[in-house]
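Results of the structural survey
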Amino acid sequence: DTDAVIDVRIGALGEHGALLLADDLTRAVRVEETRRDFVANVSHELKTPVGAITLLAETMEDAAEDPDAVRRFAERMQTETRRLSHLVQEIIELSRVQGSSSLPDAKPVEIDDVIADAVSLNRNLALGSSIELATGARSGLRVFGSASMLTTALSNLISNAIAYSDPKTRVGVSVRREGGMLELSVKDEGIGITKEHLERVFERFFRVDRARSRTTGGSGLGLAIVKHIATDHGGEVTAWSMPGQGSTFTLHLPEMGNTETITVPASRSG
Ligand code: ADP
């Protein structure tokens, strides 16, 4: 009968095979749960700004006779719209990095160029908060990967460092080699993160302080995007923090061997 057949099959697979099957099943269920959670989170996160904009538009209509009030409501609508557009942009970015396991435009990338681009993307943000954005000397180091994705990852780390720091502090971007890996760090002197929260900051939609994050326009997706990009490059991202002292986020990426640039010394003549 069927029971016997199943018994025999499990027997043939052995204990190890049966375990593997069970494990695959749990993983499939987990992937499906994660996907469902993500959709639920996205809907929730989108509804908040859309609701606020709707309400503001209605209130504005009622206040049509009062130009000052109209101006105030219009300003708040612009803030909410910016937030919404930032959120949509990050959702698209995350789906993009989540969807592909390979790097579309992979090639040798000069890490100094990535730093320069990410820093220039955040120049105005730093200026606005009177934060000194400092970089070290050119390293000449390279990784094999996507320049645009690496710039996005580093830029997310820099914009966080600025957003969660007080004015007149310093944000430093540096790169060094460590055992075949390249360590790209962003160090701030900001509010820091407690140990309990630090374990969760790479989760999608996780924000330590929703109220504060809302004033800075945070979506809770930035670090999830960074983590994906690091993994896609065969690396990882780590975080160190001390509440009240600051945080350091580090991208660990495999350094590109420079075998192809080895120059053969010209033979001396004469
Ligand atoms: P957000 O868009 O809210 O910044 P992230 O995924 O980039 O989302 O970060 C998740 C949370 O981690 C943030 O809401 C913030 O609470 C915390 N965080 C990230 N970077 C820093 C930092 N440099 N200093 C302090 N807290 C940070």
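Predicted model only: the values in this text are computed from it and were never measured.

Calculation criteria
Residues numbered from 1 in each chain as written. Predicted model: local features only at pLDDT ≥ 70, side-chain atom pairs only at ≥ 80, totals over all residues. Heavy atoms only, no water. Helix = DSSP H or I, 4+ residues; strand = E, 2+ residues; numbered from the N terminus. Buried < 20%, exposed > 50% of the residue type's maximum accessible area, 1.4 Å probe, protein only. Contact = heavy atoms within 4.5 Å. Phe/Tyr/Trp six-rings, centres within 6.5 Å; stacked < 30°, edge-to-face > 60°. Axes fitted to C-alpha atoms, helices over the stretch in contact; angles between N-to-C directions. Parallel < 35°, antiparallel > 145°, perpendicular 65-115°, else oblique. Left-handed = near helix turned anticlockwise from the far one by under 90°. Nonpolar A, V, L, I, M, F, W, Y, C, P; charged D, E, K, R; others polar. Core = buried A, V, L, I, M, F, W, Y, C linked by side-chain atoms within 4.5 Å. Expected span 1.5 Å × (residues − 1). Polar contact = N/O pair within 3.5 Å; in protein donor to acceptor, adjacent residues only side chain to side chain. 1 Å grid on protein atoms, 1.4 Å probe; cavity = no way out; pocket = protein on both sides within 12 Å on 5 of 7 lines; lining within 4 Å. Points joined across faces, edges and corners; volume = space filled by probe spheres on them. Pairing = 2+ DSSP bridges.

**Quick look at the overall build of the protein chain**
Helix and strand counts for the protein chain stand at seven helices and seven strands. When burial is assessed residue by residue, the protein chain has 36% of its 270 residues classed as buried. Within the protein chain, contacts between residues at least 6 apart in sequence are counted, and of these 74% link residues at least 24 apart.

**Looking at the packing of aromatic side chains**
This model, assessed by the stated rule, comprises two aromatic pairs. Between phenylalanine 202 and phenylalanine 249, the ring centres sit 6.1 Å apart and the planes meet at 75 degrees, which makes this aromatic pair edge-to-face. Pair noted here: phenylalanine 202 is in the loop between α5 (195–198) and α6 (210–215) and phenylalanine 249 is in strand β7 (residues 246–254), with a separation of 47 residues, a long-range link. In this pair, the class of phenylalanine 202 matches that of phenylalanine 249, namely buried.

**Comments concerning the packing of helix α2 (residues 67–99) against helix α7 (residues 222–232)**
The contact between α2 and α7 brings their axes to 10 Å, and the two run at 25 degrees. One finds that α2 runs roughly parallel with respect to α7. Here α2 and α7 pass one another in a crossing that is left-handed. Of α7, the residues touching α2 (which contributes Glu90, Glu93, Leu94, Val97 and Gln98) are Gly222, Ala224, Ile225, His228, Ile229 and Asp232. Of the residues contributing to the contact of α2 with α7, the split by class is five nonpolar, three polar and three charged.

**Quick notes on the nonpolar core**
Ile111, Ile115, Leu154, Ile158, Val201 and Leu251 are the most contacted members of the largest nonpolar core, which has 49 residues in total. When residues of this core are traced back to their parent elements, those giving at least two are α1 (2–62), α2, α3 (111–128), α4 (147–163), β4 (170–178), β5 (181–188), α7 and β7. Tallying contributions element by element places α4 first for this core, with eight residues. With near-sequence residues (within four places) excluded, isoleucine 115 lies in contact with Thr135, Leu154, Val173, Val175 and Leu184. Formed by seven residues, the second largest nonpolar core is a distinct cluster that contains Ile53, Leu56, Ala69 and Leu84.

**Details of α2**
The end-to-end C-alpha separation of α2 is 47 Å, in line with the 48 Å expected for 33 residues at 1.5 Å each. Listed in full, the buried residues belonging to α2 are Ala69, Phe73, Met77, Glu80, Arg83, Leu84, Leu87, Glu90, Ile91, Glu93, Leu94 and Val97. In this structure aspartate 66 caps α2, since a side-chain oxygen of it lies 3.2 Å from the backbone nitrogen of aspartate 68.

**Describing the side chain of aspartate 112**
As for its position among the elements, aspartate 112 is in helix α3. Here aspartate 112 is in contact with Arg138, Ser139, Gly140 and Leu141, once residues within four sequence places are set aside.

**Quick look at α4**
In this model α4 runs 24 Å from its N-terminal to its C-terminal C-alpha over 17 residues, within 8% of the 24 Å that 1.5 Å per residue would give. Every buried residue of α4 is listed here: Met149, Leu150, Thr151, Ala153, Leu154, Ser155, Asn156, Leu157, Ile158, Ala161 and Ile162.

**Focus on the layout of surface pockets**
A probe matching the size of a water molecule, rolled over the atoms, marks out where space remains unfilled. Volume-wise, the second largest pocket comes out at about 230 Å³. Of all the secondary-structure elements, those providing two or more residues to the lining of the second largest pocket are α2 and α7. Looking at the lining of the second largest pocket element by element, the count peaks at four residues for α7.

**Considering the environment of phenylalanine 38**
Within the element layout of this structure, phenylalanine 38 appears in helix α1. On the basis of relative accessible area, phenylalanine 38 is assigned to the buried category, the value being 12%. C-alpha of phenylalanine 38 to C-alpha of phenylalanine 205: the two residues are 167 residues apart in sequence and 8.9 Å apart in space. When neighbours within four sequence positions are excluded, phenylalanine 38 is seen to be in contact with Leu94, Gln98, Arg204 and Phe205.

**Details of the sheet that holds β7**
For sheets, the rule is that strands pair by backbone hydrogen bonds, running either parallel or antiparallel. Strand order in this open sheet of five strands is β2-β4-β5-β7-β6, and the pairing throughout is mixed. Edge positions in the sheet fall to β2 (132–135) and β6 (236–242), since each has one partner strand and no second. Taking each pair of neighbouring strands and ignoring which way they run, the sheet shows an average axis angle of 15 degrees. The pairing of β5 with β7 spans seven bridges and is classified as antiparallel. Opposite serine 185, over in β7, you have threonine 250 as the bridge partner. On the sheet, α7 packs against β6 and β7 and is oriented at approximately 135 degrees with respect to β6.

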